[in-house]
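Structural features, examined
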Amino acid sequence: MSYSEKNLRRMMQFGEAFPDEQIVVSLIRQLTWTHFLALIPLKKPLQRDFYSEMCRLEKWDVRTLRKKIGSMLYERTAISKKPDELIRYELDQLRHEDQLSPDMVFRDPYLLDFLGLSDRYIEKDLEDAILREIETFLLELGVGFTFVARQKRVMVDNDDYYLDLLFFHRGLRRLVAIELKMRAFRPADKGQMELYLRWLEKYEMKEGEELPIGLILCAGKKQETVELMALEQSGIRVAEYLTELPSREALEARLHQAIAAAHHRREAQKQFAK
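Read on for a plain summary of the structure. (Residues numbered from 1 in each chain as written. Predicted model: local features only at pLDDT ≥ 70, side-chain atom pairs only at ≥ 80, totals over all residues. Heavy atoms only, no water.)

**Topic: the overall build of the protein**
Heads up, the rule is: Strands here are runs of E lasting at least two residues and helices are runs of H or I lasting at least four, both read from the DSSP assignment and numbered beginning at the N terminus. To get the radius of gyration, use the C-alpha atoms; to get the globule rule, take the number of residues to the power 0.38 and multiply by 2.2 Å. Partly exposed residues are those whose accessible area sits between 20% and 50% of the maximum for their type, while under 20% is buried and over 50% is exposed, using a 1.4 Å probe and protein chains only. Under the convention used here, a 1.4 Å probe and the Shrake-Rupley method define accessible areas, while residue burial counts only the protein chains that appear.
Scanning the protein from N- to C-terminus turns up 13 helices and six strands. Its C-alpha radius of gyration of 20 Å places the protein within 12% of the 19 Å reference for a compact globule of 274 residues. A principal-axis box enclosing the C-alpha atoms of the protein has dimensions of 75 × 50 × 45 Å. Looking at the protein as a whole, 45% of its 274 residues are labelled buried. In the form shown here, the protein has an accessible surface area of approximately 15,300 Å², with 51% of it arising from carbon and sulfur atoms.

Put into structure tokens, the structure is as follows:
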């Protein structure tokens, strides 16, 4: 590398963005200088730490890193909506123990524009398109997911139910049940997913695995309804999917609004608790 004015400026920016020598030593085992050049422009330290640690753990190439940043992966994960001290704690767990939390794995919304669906489609079309593009779908889900089954038969009291998609996540060490909904989330969806999760816990869970977790992918959701259902206590996540990619500005505004709303709810809860 030459010591041109441009490169010297970049070196100074690098020192400002990554002041902790121990963290840098850990990262340079996996990340190249070009990776760091993609990370330096990120303004928020926690955002930059998230991308650098996920890049290290999942061994993203530079193109993948830039794509993840461009799709606002950090803002789409649940971790971005937590208080800074909790984000920092979970990132430390990832940095020192390679320990992923569900909040780092699950996103909202999921970008499924690659499925090429028309304006009118039914639930089976969505499921068929996901399986046809399973490799790309796995990339959107994130590293660590392994496909297990489609329309998994769940038999309870001689009644048959069918779980849309079943995956296993190596990092989380647990089964992940996915239900697809062409409509907005409804409270009854929680009961259906709880049945699947308890059945998987009883009949499919192996020794050493964590409890199964559920993801309800739906066309929409009402925030207060989701909050009142206390879904995470049951190991259930609800996320929207987008079959058409919005503009960068629209996606950014939507995600920043969601993060601000989460912060506002935390502050309201603190005031209520006083």
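**A word on the pairing of strand β4 (residues 174-180)**
The line we're drawing: At least two DSSP bridges between two strands are required for those strands to pair.
Counting buried positions along β4 yields seven of seven residues, so the element is predominantly enclosed. Sheet topology places strand β3 (residues 159-169) next to β4; five bridges connect them, and they run antiparallel. Bridge assignment links Leu166 to a residue of β4, and that residue is Ala177. Sheet topology places β4 next to strand β5 (residues 213-218); five bridges connect them, and they run parallel. In the sheet register, Ala177 faces β5, and the bridge partner there is Gly214.

**Thoughts on the sheet that holds β4**
Defined as follows: Whether two residues touch is decided by their heavy atoms; if any such pair falls within 4.5 Å, the residues are in contact. With axes taken as lines fitted to C-alpha atoms, and helix axes fitted only over the stretch in contact, angles between N-to-C directions fall between 0 and 180 degrees.
The six strands are arranged β1-β6-β5-β4-β3-β2 in an open sheet whose pairing can be described as mixed. Two strands bound the open sheet, and with one partner strand each, they are β1 (110-111) and β2 (145-156). When β5 meets strand β6 (residues 236-242), the two strands line up parallel, connected through five bridges. In the sheet register, Ile216 faces β6, and the bridge partner there is Val238. Each of β2, β3, β4 and β6 is contacted by helix α9 (residues 123-132), which is oriented at about 145° to β2, the strand it contacts most.

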